[in-house]
Amino acid sequence: MKKTLLFSFALMLSVVATAQEKLTEGVLIANQTMSSDNPQMNAQLQAMGDSKATTYFKGEKSRSETSSPMTGDMVIIVDAVEKQMLMLLDQPGLGKKFVLQSFIPTEEDLKSVSVEKGDETKTVLGYECQQYFIKMKQNGQDVEMQMFTTDKISAFSHNTTAMGDKIEGYPLYFVMKMNQMGASIEVTSEITEIKEESVSDDKLSLTPPEGYTKMEGM
């Protein structure tokens with residue numbers, strides 16, 4: 001009995017130690033839900049159902065992929081060293097478009113972002129995450145976010161580019177609240193799976209693939 005308990009305890013310590021080693025290459029799977037206090041909009045959001053986001057990362061480069069029957073496919077590739085972001089859109093009625101731009105926030109951008117480090121932590125899939133509260137303006141709308149980030153994963157999130165260096169780590173969980181067309185919308189995203197595996201450099205290239213044309217006005 002004593003040996004069994006010691007073995008179980010050792011196994012638990014091993015799992016914790018493994019989870020806390022810094023992960024520099026792999027895949028993150030996130031589940032995203034949306035809801036609204038407006039009954040009509042909430043019905044539309046519920047009809048869409050939950051969505052999945054897959055993020056591939058290697059070092060300080062990452063690629064996030066999302067797909068929806070209503071909004072089509074979207075890929076966002078960020079390079080934290082080059083400070084560049086490539087967005088690929090394949091949407092109904094729009095076709096295949098790309099936007100390549102720097103994501104370095106201006107002084108004016110940073111003035112509109114307020115970041116407060118919270119007192120709480122949250123454990124997600126074995127990773128202890130630090131709480132942050134963010135207030136900012138996006139397309140003229142007030143946006144509030146609560147994030148829990150870990151510094152044990154090297155991936156760079158496009159969701160934190162507007163905050164400069166005010167936030168450390170990758171968000172494994174966040175809740176975003178905003179107002180759209182007079183209705184309050186809440187978006188919740190949580191990483192549900194973390195896989196350590198090799199990622200092809202081709203997936204992280206900032207060169208737009210064939211068939212995509214530059215989006216005008218961007």
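## Quick word on the overall build of the protein chain
Link 1 in the chain: Helices and strands together make up the secondary structure of the protein chain, namely three helices and 12 strands.
Link 2 in the chain: Of all intrachain contacts in the protein chain linking residues separated by at least 6 positions in sequence, the fraction that spans at least 24 positions is 51%.
Link 3 in the chain: About 13,300 Å² of surface is accessible on the protein chain, with carbon and sulfur atoms providing 50% of the total.

## Quick look at the pattern of salt bridges
Link 1 in the chain: This model, assessed by the stated rule, comprises seven salt bridges.
Link 2 in the chain: In this structure, the salt-bridge partner of E65 is R63, at a minimum N-O distance of 2.7 Å.
Link 3 in the chain: A network of salt bridges, in which partner residues are shared, links E25, K58 and D201.

## Looking at the nonpolar core
Link 1 in the chain: With 17 residues, the main nonpolar core has I134, M145, M147, M163 and M176 as its most contacted residues.
Link 2 in the chain: Those residues in contact with M163, other than ones at most four positions away along the chain, are L110, V113, V115, I134, M136, M145 and M147.
Link 3 in the chain: Formed by 16 residues, the second largest nonpolar core is a distinct cluster that contains L23, L28, A53 and Y170.

## Regarding unusual backbone geometry
Link 1 in the chain: Despite not being glycine, K83 has its phi angle at roughly 60°, a positive value.
Link 2 in the chain: Along the chain, K83 turns up in the loop between β4 (72–79) and β5 (84–91).
Link 3 in the chain: The backbone of L125 shows a phi angle near 50°, a positive value even though the residue is not glycine.
Link 4 in the chain: Summarising the element assignment, L125 is placed in the loop between β7 (114–124) and β8 (127–138).

## Thoughts on the side chain of S157
Link 1 in the chain: Examined against the element boundaries, S157 turns out to sit in the loop between β9 (141–150) and β10 (170–180).
Link 2 in the chain: For S157, a relative accessible area of 5% corresponds to the buried category.
Link 3 in the chain: Only 3.0 Å separates the side chain of S157 from the backbone nitrogen of N159, close enough to count as a polar contact.
Link 4 in the chain: Once residues within four sequence positions are removed from consideration, S157 is found in contact with Y170 and P171.

## Thoughts on the packing of aromatic side chains
Link 1 in the chain: The final tally for this structure, using the stated rule, is two aromatic pairs.
Link 2 in the chain: Pairing F103 with F156 gives two aromatic rings, centres 5.4 Å apart and planes at 25°, and the pair type is stacked. One end of the pair, F103, is in the loop between β6 (95–102) and α3 (107–111); the other, F156, is in the loop between β9 and β10, with 53 residues separating them in the sequence.
Link 3 in the chain: Given the relative accessible area of 9%, F103 is considered buried.
Link 4 in the chain: Cation over ring: K122 sits above Y173, and NZ or CZ is 4.6 Å from the ring centre.
Link 5 in the chain: Stacked on the ring of Y56, the Lys or Arg K203 has its end atom at 4.3 Å from the ring centre.

## Digging into the pairing of strand β2 (residues 51–58)
Link 1 in the chain: The pairing of strand β1 (residues 25–36) with β2 spans eight bridges and is classified as antiparallel. Bridge pairing links E25 to K58 in β2.
Link 2 in the chain: Taken together, the six bridges between β2 and strand β3 (residues 61–68) define a ladder with antiparallel strand orientation. The residue of β3 that forms the bridge with T55 is S64.
Link 3 in the chain: The antiparallel hairpin formed by β2 and β3 contains two residues in its connecting segment, where G59 sits at a positive phi of about 60°.

The rules behind the values
Residues numbered from 1 in each chain as written. Predicted model: local features only at pLDDT ≥ 70, side-chain atom pairs only at ≥ 80, totals over all residues. Heavy atoms only, no water. Helix = DSSP H or I, 4+ residues; strand = E, 2+ residues; numbered from the N terminus. Contact = heavy atoms within 4.5 Å. Areas by Shrake-Rupley, 256 points an atom, 1.4 Å probe, with all protein chains shown as cover. Salt bridge = Lys/Arg side-chain N within 4 Å of Asp/Glu carboxyl O. Core = buried A, V, L, I, M, F, W, Y, C linked by side-chain atoms within 4.5 Å. Buried < 20%, exposed > 50% of the residue type's maximum accessible area, 1.4 Å probe, protein only. Polar contact = N/O pair within 3.5 Å; in protein donor to acceptor, adjacent residues only side chain to side chain. Phe/Tyr/Trp six-rings, centres within 6.5 Å; stacked < 30°, edge-to-face > 60°. Lys NZ or Arg CZ within 6 Å of the ring centre and 35° of its normal. Pairing = 2+ DSSP bridges.

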